[in-house]
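So the chains spell out like this:
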Amino acid sequence: ADSDFALGERVALACIECYRALPQTGKPTGEREWTVLAGVALVDDEASGRPLQVVAIGSGTKCLPASVADADATGLRTRDGHAEVCARRAFRRYLCAQLRAHFDEEPSVVEAVGAADGAGARYRLRPSLTVVFFSSASPCGDASLFARTASAEAGACSA
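Everything quoted here is computed from the prediction, not taken from an experiment.

This part takes up the pattern of salt bridges. Tallying each qualifying case throughout the model produces two salt bridges. The residue Asp 45 makes a salt bridge to Arg 50 at a minimum N-O spacing of 2.7 Å. On the accessibility criterion, Asp 45 (32% relative accessible area) is partly exposed. Among the salt bridges present, the one from Glu 111 reaches Arg 124, with a minimum N-O distance of 2.8 Å. Of this pair, Glu 111 sits in strand S5 (residues 110-113) while Arg 124 sits in strand S6 (residues 122-125); the two residues are 13 residues apart in sequence, bridging distant segments of the chain. Looking at Glu 111, the relative accessible area reads 23%, which means it is partly exposed.

What follows covers helix H1 (residues 4-21). Compared with an ideal rise of 1.5 Å per residue, which puts 18 residues at 26 Å, H1 spans 26 Å between its outermost C-alpha atoms and is within 8% of the ideal. Leu 7, Val 11, Ala 12, Ala 14, Cys 15 and Tyr 19 are the residues of H1 that are buried. Angularly, the buried residues of H1 cover 165 degrees about the axis, an arc narrow enough to put them on a single face. Exposed positions of H1 whose direction lies more than 90 degrees from the buried face are Phe 5, Leu 13, Glu 17, Arg 20 and Ala 21. Where H1 is buried, its residues meet strand S1 (37-44), strand S2 (52-59) and strand S7 (129-135).

All right, on to the nonpolar core then. If you look at the biggest cluster of nonpolar residues, it comprises twelve residues: Leu 7, Val 11, Ala 12, Ala 14, Cys 15, Tyr 19, Leu 37, Ala 41, Val 43, Val 54, Val 132 and Phe 134. Elements supplying a minimum of two residues to this core: H1, S1 and S7. Considering each element in turn, this core owes the most residues, six residues, to H1. Counting nine residues, the second largest nonpolar core, distinct from the first, contains Val 55, Ala 56, Tyr 94 and Leu 129.

The rules we used
Residues numbered from 1 in each chain as written. Predicted model: local features only at pLDDT ≥ 70, side-chain atom pairs only at ≥ 80, totals over all residues. Heavy atoms only, no water. Salt bridge = Lys/Arg side-chain N within 4 Å of Asp/Glu carboxyl O. Buried < 20%, exposed > 50% of the residue type's maximum accessible area, 1.4 Å probe, protein only. Helix = DSSP H or I, 4+ residues; strand = E, 2+ residues; numbered from the N terminus. Expected span 1.5 Å × (residues − 1). Arc of directions from axis to C-beta. Contact = heavy atoms within 4.5 Å. Core = buried A, V, L, I, M, F, W, Y, C linked by side-chain atoms within 4.5 Å.

These values are about where atoms sit, not about what they do.
See the structure below:
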């Protein structure tokens with residue numbers, strides 16, 4: 001079985017490989033440009049070798065300035081282009097597509113829980129699947145804050 005570290009390395013490498021396979025359009029072009037990459041992978045814990053599949057990736061580091069976002073009356077602009085937000089959006093889209101496949105009786109990673117008809121129907125990922133998130137950098141904002149005690153224990157300077 002993979003250690004958490006080995007699994008993390010496998011997911012990171014798979015996400016980077018998916019990113020590299022994409023066309024160059026929109027990617028950094030020189031040494032002075034860079035981006036953050038985030039991805040979501042599904043790991044099949046019951047299959048031999050715990051195969052994984054990258055199902056969503058996103059890259060980016062920017063948000064629209066408030067003045068531009070507020071002026072967007074149509075709501076068609078992407079306001080938050082940070083990698084982790086883009087990857088989350090892509091993963092939600094993937095899950096919606098998997099639900100559609102399930103409804104169309106095609107292979108899917110989701111299954112019904114209990115009665116699958118009516119307004120109270122519930123669905124879940126197959127129990128053998130584990131969702132793993134990868135980010136090449138810490139998230140922005142509150143998600144990147146660390147507890148003071150954890151920082152102090154790690155030998156960081158405290159304010």
